[in-house]
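Working through the structure, step by step
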Amino acid sequence: QVRLVESGGASVQPGGALTLACVAAENTYTRHCLGWFRQTPGQEREGVATINTLGARTFYTVPVKGRFTLSLDNAKNTVYLQMTSLTPQDTAMYFCAAYPVYLSGHCSVQLSDYRYWGQGTQVNVSS
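A word on the nonpolar core
With 27 residues, the main nonpolar core has Trp36, Leu81, Met83 and Tyr94 as its most contacted residues. With sequence-adjacent residues up to four places away left out, Leu81 is seen in contact with Leu18, Thr19, Leu20, Trp36, Val48, Ala49, Phe68, Thr69, Leu70 and Tyr94. One finds Phe37, Tyr99, Val101 and Tyr114 within the second-largest nonpolar core, a separate group that totals 7 residues.

Structure representation (structure tokens):
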């Protein structure tokens with residue numbers, strides 16, 4: 001069963017904007033923490049942002065805070081990551097992940113907490 005499917009990755013110039021989408025199966029969306037992570041070759045996977053579909057509480061890591069914005073479309077079981085003011089440091093494979101929750105608080109950014117992972121979508125920021 002496919003749980004999460006990312007899309008929207010592309011090449012963009014520095015300072016540009018891009019929106020990624022993660023479509024989740026219904027049983028991987030409602031009452032789940034949905035997280036975005038990114039990874040470059042030879043480096044560890046790092047957290048980007050999270051949102052709890054039970055209450056829509058969001059969390060952003062320091063490198064992207066103020067530039068990236070999460071939003072939910074409950075009718076489509078989709079979470080969007082709107083990225084602005086992109087820099088070459090944002091270049092990475094972006095992954096969507098999820099784990100079930102029963103409270104409406106902040107979501108974890110620890111990789112080990114996430115039960116389901118998508119295949120990733122590539123974002124390249126260069127001139």
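Remarks on the state of the cysteines
Counting across every chain of the model gives 2 disulfides. Between Cys22 and Cys96 runs a disulfide, and the two sulfur atoms are separated by 2.1 Å. Between Cys22 and Cys96 the disulfide shows an S-S torsion of about -80°. By sign, it is left-handed. A residue pair is termed long-range when its members are at least 10 positions apart, and Cys22 in strand β3 (residues 18–24) and Cys96 in strand β9 (residues 92–100) qualify at 74 residues. Each member of the pair, Cys22 as well as Cys96, carries the same accessibility label: buried. Two residues, Cys33 and Cys107, share a disulfide whose sulfurs are 2.0 Å apart. Between Cys33 and Cys107, the disulfide has an S-S torsion of -85° and is therefore left-handed.

Describing the packing of aromatic side chains
Going through the model one piece at a time under the given rule, you end up with 4 aromatic pairs. Arranged with centres 5.0 Å apart and planes meeting at 50°, the rings of Phe37 and Trp117 form a pair that is tilted. Placement of the pair is Phe37 in strand β4 (residues 32–39) and Trp117 in strand β10 (residues 116–117), with a sequence separation of 80 residues. For Trp117, a relative accessible area of 28% translates into the label partly exposed. By way of ring pairs, the aromatic residues Phe37, Tyr99, Tyr114 and Trp117 are connected into one cluster. The cationic tip of Arg45 hangs over the ring face of Phe95; the distance from NZ or CZ to the ring centre is 3.7 Å. The residue whose ring lies beneath Arg45 is Trp117, and the NZ or CZ to ring-centre distance is 5.0 Å.

Side note on the pattern of salt bridges
Counted according to the given criterion, the structure contains 3 salt bridges. Across the pair Asp90 and Arg38 runs a salt bridge whose closest N-O atoms are separated by 2.9 Å. Placement of the pair is Asp90 in the loop between β8 (78–83) and β9 and Arg38 in strand β4, with a sequence separation of 52 residues. The exposure classification of Asp90 matches that of Arg38, with both residues buried.

Focus: the pairing of β3
Across the 7 residues that make up β3, a large majority, 5, are buried. Alignment of strand β1 (residues 4–7) against β3, held across 4 bridges, turns out to be antiparallel. Residue pairing for β3: Ser7 is matched across the bridge by Ala21. With 6 bridges connecting them, β3 and β8 associate as antiparallel partners. Residue pairing for β8: Leu20 is matched across the bridge by Leu81.

The rules behind these values
Residues numbered from 1 in each chain as written. Predicted model: local features only at pLDDT ≥ 70, side-chain atom pairs only at ≥ 80, totals over all residues. Heavy atoms only, no water. Core = buried A, V, L, I, M, F, W, Y, C linked by side-chain atoms within 4.5 Å. Buried < 20%, exposed > 50% of the residue type's maximum accessible area, 1.4 Å probe, protein only. Contact = heavy atoms within 4.5 Å. Disulfide = S-S within 2.5 Å. Helix = DSSP H or I, 4+ residues; strand = E, 2+ residues; numbered from the N terminus. Phe/Tyr/Trp six-rings, centres within 6.5 Å; stacked < 30°, edge-to-face > 60°. Lys NZ or Arg CZ within 6 Å of the ring centre and 35° of its normal. Salt bridge = Lys/Arg side-chain N within 4 Å of Asp/Glu carboxyl O. Pairing = 2+ DSSP bridges.

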